[in-house]
Amino acid sequence: MSLGGLWLLTQGITQGGLPILLLQGVAAAAIGRVFGLSLLWVPVQVLLPLAVVYNSSVPSWVYPAALVFCLLIYWNSASEQVPLYLTNRRTWKALSDMVEASKAQSFVDLGSGIGGVVTYLAGAHPALKAIGLETAPLVFLASRVRVMLARRANAQVIYKSIWDEDLSAHDIVYCFLSPVPMPRMFAKAKAEMRPGTLFISNSFAVPGEEPTRVIDVADGRKTKLYVYTM
Ligand SMILES: C[S@@+](CC[C@H](N)C(=O)[O-])C[C@H]1O[C@@H](n2cnc3c(N)ncnc32)[C@H](O)[C@@H]1O
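Quick caveat, the model's predicted, so the values are computed rather than measured.

Chemist: What's the story with the overall build of the protein in this structure? I'm lost.
Modeler: Within the protein, the secondary structure is distributed over nine helices and seven strands. Counting only C-alpha atoms and orienting by the principal axes, one finds that the protein spans roughly 65 × 35 × 30 Å. Out of the 230 residues belonging to the protein, those deemed buried represent 39%. At a minimum sequence separation of 6, the contacts of the protein that also span at least 24 residues come to 65%. Charged side chains in the protein number 19 positive and 14 negative. The centres of these two groups are separated by 7 Å.

Put into structure tokens, the structure is as follows:
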């Protein structure tokens, strides 16, 4: 499309007012979802056209406030290169099957996000001690509230760096991080975890290490769980 055409389209959308802008945002979000974009992008896509058109009427303090809000959520994205995305329900079930099969008594989610894995496993396995470690302030707070509302006495989310945890305390160590910390985290797991216990990584294999097993989860994003028996 030419620049002139794009200008005309923008003018048309702008003059169509709020309903057209909302429609455009909702359509973008729907197309994104069809192509597999995470749910987290929905508010961004819905609000973007409104932000472009009405940005001059937004008070200036909103921008630094939004930055602080994002920082409190994506706290570890820059330092650890680990963003926030969440394990889905089908993968919770696959993890639950592994807890069952291995008769695990203790499970830790390294970087537990908003606590979905921990809450689910604690509910499905009342004898399991399910622990989450998280350091992004708002995410940690949300997971604490979630665990509290779920009333799971065997679930706990701790404000603690994943690098400070003694992994020998757990029968299953689970992580959904990024490719960057995997070599260092696996070296830590090998040094600390007890023989026969399981290190499970969602989506990110450890470079140069053969997993004991790879589980293909039957979900939309074709999740792979890389399982390493210590
Ligand atoms: C991809 S998310 C996974 C969330 C959750 N495990 C799940 O699967 O639903 C990774 C999480 O790890 C957290 N994280 C990254 N580095 C961390 C660190 N050093 N200590 C504690 N948490 C960390 C991030 O804040 C983020 O919430």
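Chemist: Which parts of the structure should I look at to understand the nonpolar core?
Modeler: Buried together is how nonpolar side chains tend to be arranged in soluble globular proteins. Membership of the largest hydrophobic core comes to 47 residues, with the highest contact counts inside it found for F107, L110, Y174, F199, I200 and L225. If near-sequence neighbours (up to four positions away) are discounted, L110 is found in contact with L133, I162, L167, V173, Y174, C175, L177 and M185.

Chemist: Honestly, the sheet that holds strand β2 (residues 129-134) in this entry has me stumped. Any pointers?
Modeler: Pairing between sheet strands relies on hydrogen bonds along the backbone, with the strands arranged either parallel or antiparallel. If you trace the seven strands from one edge of the open sheet to the other, you get β3-β2-β1-β4-β5-β7-β6, paired in mixed fashion. Sheet topology places β3 (155-159) and β6 (213-216) at the edges, where each strand pairs with a single neighbour. Averaged over all neighbouring strand pairs, the angle between strand axes comes to 20°, with direction disregarded. Note that strand β1 (residues 106-110) and β2 share five bridges and pair parallel. Within the sheet, the bridge partner assigned to F107 lies in β2 and is A130. Strand contacts of helix α8 (residues 137-150): β2 and β3, with the helix running at about 160° to β3, the strand carrying the most contacts.

Chemist: Help me understand the pattern of salt bridges in this model?
Modeler: Two side chains carrying opposite charge are able to pair once their charged atoms lie near each other. Overall, the coordinates contain six salt bridges when judged by the stated rule. One salt bridge in this structure joins K93 and D97, with 2.8 Å as the shortest N-O distance. Here the residue K93 and the residue D97 both occupy positions in helix α6 (residues 89-102), the gap between them amounting to four residues, near one helical turn. A salt bridge links R194 to D171, with the nearest nitrogen and oxygen atoms 2.9 Å apart. Within this pair, whereas R194 is found in the loop between α9 (182-192) and β5 (198-202), its partner D171 is found in the loop between β3 and β4 (172-175), the two being separated by 23 residues in sequence. By relative accessible area, R194 is classed as partly exposed at 34%.

Chemist: How should the site of the ligand be read in this particular structure?
Modeler: Near the ligand you find 21 residues, and of these N76, E80, T87, G111 and E134 are the closest. Contact between the ligand and N76: an oxygen atom at 2.7 Å from a side-chain N or O atom of the residue. Within the side chain of D109, a nitrogen or oxygen atom sits 2.9 Å from a nitrogen atom of the ligand. Class assignment of the residues belonging to the shell around the ligand gives a composition of ten nonpolar, seven polar and four charged.

Chemist: Can you help me understand the domain arrangement of the protein in this one?
Modeler: Many analyses report the size of an interface as the accessible area lost when the parts associate. Domains assigned within the protein are domain 1 (3-58) and domain 2 (89-229). Here the C-alpha centre of domain 2 lies 37 Å away from the C-alpha centre of domain 1.

Chemist: How should I be thinking about a nonpolar patch on the surface in this particular structure?
Modeler: There is a patch of nonpolar side chains on the surface, built from L67, L71, W75 and Y159 and spanning about 430 Å² of accessible area. Here L67 lies in helix α4 (residues 62-73).

Chemist: Help me out: how do you make sense of the pairing of β1 in this one?
Modeler: If a strand is regular, its side chains alternate between the two faces of the sheet. For β1, a buried count of five out of five residues is recorded, marking the element as mostly surrounded by other parts of the structure. Neither face of β1 is open: one carries S106, V108 and L110, the other F107 and D109, and all of them are buried. In this structure, β1 lies alongside β4, joined through four bridges in parallel fashion. Bridge pairing in β4 places V108 opposite V173.

Chemist: Help me understand the pairing of β2 in this model?
Modeler: The element β2 is extensively covered by neighbouring structure, given that five of its six residues are classed as buried. Taking the sense of rotation as the criterion, the β-α-β connection linking β1, helix α7 (residues 116-124) and β2 turns out right-handed. Alignment of β2 against β3, held across five bridges, turns out to be parallel. Bridged to E134 within β3 is Y159. Assessed by its sense of winding, the connection that carries the chain from β2 through α8 to β3 is right-handed.

Cut-off values and rules
- Residues numbered from 1 in each chain as written.
- Predicted model: local features only at pLDDT ≥ 70, side-chain atom pairs only at ≥ 80, totals over all residues.
- Heavy atoms only, no water.
- Helix = DSSP H or I, 4+ residues; strand = E, 2+ residues; numbered from the N terminus.
- Buried < 20%, exposed > 50% of the residue type's maximum accessible area, 1.4 Å probe, protein only.
- Contact = heavy atoms within 4.5 Å.
- Lys, Arg positive; Asp, Glu negative; His and termini not counted.
- Charge placed at Lys NZ, Arg CZ, Asp CG, Glu CD.
- Core = buried A, V, L, I, M, F, W, Y, C linked by side-chain atoms within 4.5 Å.
- Pairing = 2+ DSSP bridges.
- Axes fitted to C-alpha atoms, helices over the stretch in contact; angles between N-to-C directions.
- Salt bridge = Lys/Arg side-chain N within 4 Å of Asp/Glu carboxyl O.
- Near = heavy atom within 4 Å.
- Polar contact = N/O pair within 3.5 Å; in protein donor to acceptor, adjacent residues only side chain to side chain.
- Nonpolar A, V, L, I, M, F, W, Y, C, P; charged D, E, K, R; others polar.
- Domains from an automatic or database assignment.
- Patch = residues over 30% accessible without salt bridge, like charges linked within 9 Å, V, L, I, M, F, W, Y side chains within 5 Å.
- Areas by Shrake-Rupley, 256 points an atom, 1.4 Å probe, with all protein chains shown as cover.
- Right-handed = clockwise from strand over helix to strand, strands pointing away.

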